[in-house]
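Spelled out, the chains give:
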Amino acid sequence: MAQHHDTHASHGADAHESHGSLKSYVLGFVLSLILTAIPLILVLNDIVTGSAADVVLLVTAVLQFVVQLFFFMHLKEEKKPRYNLMTLLLGLVIVVTIVAGSIWIMKYNMVAH
């Protein structure tokens, strides 16, 4: 019976290790705050405008997405066969298709007069 208990205890430790530590969560939170503050400060103070503001916003949004994946969704800790990654990629394909299609429709939807 003790042998069964030891096996269960070690399995519980493995499950606990798959979650992030407090340090990991705090680091992810701080990075998220920084990546939120950068475009806010740059745009509100008119440091960047126009296309440069769009680029800054896009780059920080992508970096924010990566931070969320690694620090909060634990993508780096996933074991094979990586179902979460495949699901994420499918979701990204769907989102990009919807957004690109919507932009295309809004740009080229001209009503004849």
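Position numbers for residues start from 1 in each chain and track the written sequence from start to end. Note on the predicted model: pLDDT of at least 70 is required for a residue's local features to be given, and 80 or more for side-chain atom pairs to be given and counted; whole-chain, interface and lining totals, by contrast, use all residues. Just so you know, side-chain values use all the structure's heavy atoms and leave hydrogens and water out.

Examining the overall build of the protein
Thought 1: By definition, any uninterrupted DSSP run of H or I lasting at least four residues is a helix, any uninterrupted run of E lasting at least two residues is a strand, and each is numbered from the N terminus. On a plain count of helices and strands, the protein comes out with four helices and zero strands.
Thought 2: In the protein, the order of α-helices and β-strands from amino to carboxyl end is α-α-α-α.
Thought 3: Buried, partly exposed and exposed residues are distinguished by accessible area as a fraction of the type maximum, computed with a 1.4 Å probe on protein chains only: under 20%, between the cut-offs, and over 50%, respectively. Burial status across the protein gives 15% buried among its 113 residues.
Thought 4: For the protein, long-range pairs separated by at least 24 residues make up 60% of all intrachain contacts whose partners lie at least 6 apart in sequence. Residue contacts follow a heavy-atom distance rule, with two residues in contact if any of their heavy atoms lie within 4.5 Å.

Overview of the side chain of glutamine 64
Thought 1: Position of glutamine 64 among the secondary structure elements: in helix H3 (residues 50-72).
Thought 2: Here glutamine 64 falls in the buried class, since its relative accessible area comes to 17%.
Thought 3: Ignoring any residue separated from it by four or fewer positions in sequence, one finds glutamine 64 in contact with Ser32, Leu35 and Thr36.

What to know about unusual backbone geometry
Thought 1: One non-glycine residue, aspartate 46, lies in positive phi territory at about 55 degrees.
Thought 2: Positionally, aspartate 46 belongs in the loop between helix H2 (22-44) and H3.

Some remarks on the UniProt feature "transmembrane region" (unreviewed entry) in the protein
Thought 1: The residues that UniProt annotates with the feature "transmembrane region" (unreviewed entry) are residues 25-43, 55-73 and 85-106.
Thought 2: Between the C-alpha atoms that bound residues 55-73 the distance is 26 Å, and the span itself is 95% helix and 0% strand.
Thought 3: Summarising residues 85-106: 100% helix, 0% strand, and an end-to-end C-alpha distance of 31 Å. UniProt positions are given in the numbering used here, feature names are shortened, and annotations may be inferred rather than shown by experiment.

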